[in-house]
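Notes for the structure review
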Amino acid sequence: YQGRNRDISGEGYAVFRGMEYVYAVWKERSFSSAAKKLYISQPALSNSIKRVEDKVGTPLFDRSTSPIQLTDVGQEYLHAVEQILAIQENFSHYLADSQNLKTGRLTIGSGAMISSYLLPSLIARYKERFPYVEVDVMESGEGHLEEMLLNGVIDLVIENSSFPEALFERQLFQQEHIILAVPKSWPVNGNLLAFQQSIDNIASGSYLNRRYPAVPLQAFQDCPFILLGPGDENHERALSLCREHGFVPRVILTLDQQLTSYNMACAGLGAAFVSDTLVRSTLPHPDMVYYKLEGEAARRDICFYYKRNRYMPQCVKQFLEDAMTAAAAASV
């Protein structure tokens, strides 16, 4: 830094003393909520914000709106704060990496089904090797997971839906397939014995072999269906599969979770489109039969996603490496 000595105690840096208070108010969009999060009184928080604004020389918040909004200067200030926080986070990761994974924190985001059936074995194997790394799992919907990954709240997402390539890198973990789960008591099954798949075939993946035919889905066009709600990728795939076979499904229930739809089907309420991951991971149900489906909509990738151009801590790299090794071993 010869010729570029800087006094970090100068006015240029002084405006960022107290930036955590400004950041908290903006994240909460409320002085009172931010004060609770920071465990300080609202008057104390307001005074701290006022001191920062005095140093900046202009208000950072437009207090006339509800919820509170940033002024133009406030927007630039928050942009700078986010860069400072990113630098601090990167340095913390560097310190953790320098200690050979004797410390560190890994946060993974996923939907409920994947966190229930795929993540436990991966995390258990990882924690056995690196017991001092803290691992957190955050379950949420696709849109919220994407937002948290972009904002650096989580390090990795494992999902069976697609995230924008311009923002995120991806690594394929495994491919999964959608199958049709149907109550065994339905008369229509009597004409489709040649298409029914055993639990053993599904568990081993051998049902995907060409010698096992896909069911003609139109055979179920008069049957009731249980789908996930509109906007969910599974919903769109189910409709697409039915359209390919010339009908629109008669939907009697729409639900939020795939496991719930499967349990409703097991109760005899309707047919459900479920993943082979789910069927392999749950106990066989004696009252259900399963059918292979064909078509692009019946196949999807489960991938790990992470933000482009973001520093990846060693603990995250190691988890990805271990997960890919496990996926490769399972596919042999």
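**A word on the nonpolar core**
Counting 25 residues, the largest nonpolar core has Leu180, Leu217, Phe220, Phe273, Tyr291 and Leu293 as its most contacted members. Elements with a contribution of two residues or more to this core: strand E6 (168-183), strand E8 (224-228), helix H10 (233-244), strand E10 (271-275) and strand E11 (288-292). Per-element accounting of this core gives the leading share, four residues, to H10. In this view, Phe220 contacts Leu180, Val182, Val188, Asn189, Leu192, Val215, Phe225, Phe247 and Tyr291; residues no more than four positions away in its chain are not counted.

**What to know about the confidence of the model for the protein chain**
Close inspection of predicted coordinates is inappropriate in any region flagged by low pLDDT. Scored by pLDDT, the protein chain has a mean of 89; 94% of the residues are at 70 or more. Mean pLDDT across the secondary structure elements of the protein chain bottoms out at helix H1 (residues 11-14), with 64, and peaks at E11, with 97. Below pLDDT 50 for its whole length, residues 1-9 participates in five contacts with residues either more than four positions away or in separate chains.

**Let's talk about the pattern of salt bridges**
This structure, assessed with the given rule, holds twelve salt bridges. In this structure, Lys50 engages Asp54 in a salt bridge whose closest nitrogen and oxygen atoms are separated by 2.9 Å. Here Lys50 pairs with Asp54, and both are found in helix H4 (residues 42-56), just four residues apart, close to one helical turn. In this structure, Arg310 engages Asp155 in a salt bridge whose closest nitrogen and oxygen atoms are separated by 3.6 Å. Here Arg310, found in the loop between strand E12 (299-307) and helix H13 (314-331), pairs with Asp155, found in the loop between helix H8 (142-150) and strand E5 (156-159); they are 155 residues apart in sequence, far enough to count as distant. The residues Arg310 and Asp155 share a single accessibility class, namely buried. Beyond isolated ion pairs, a larger network of salt bridges with shared partners links Arg105, Glu134 and Asp136.

Rules behind the numbers
Residues numbered from 1 in each chain as written. Predicted model: local features only at pLDDT ≥ 70, side-chain atom pairs only at ≥ 80, totals over all residues. Heavy atoms only, no water. Core = buried A, V, L, I, M, F, W, Y, C linked by side-chain atoms within 4.5 Å. Buried < 20%, exposed > 50% of the residue type's maximum accessible area, 1.4 Å probe, protein only. Helix = DSSP H or I, 4+ residues; strand = E, 2+ residues; numbered from the N terminus. Contact = heavy atoms within 4.5 Å. pLDDT = per-residue confidence, 0-100. Salt bridge = Lys/Arg side-chain N within 4 Å of Asp/Glu carboxyl O.

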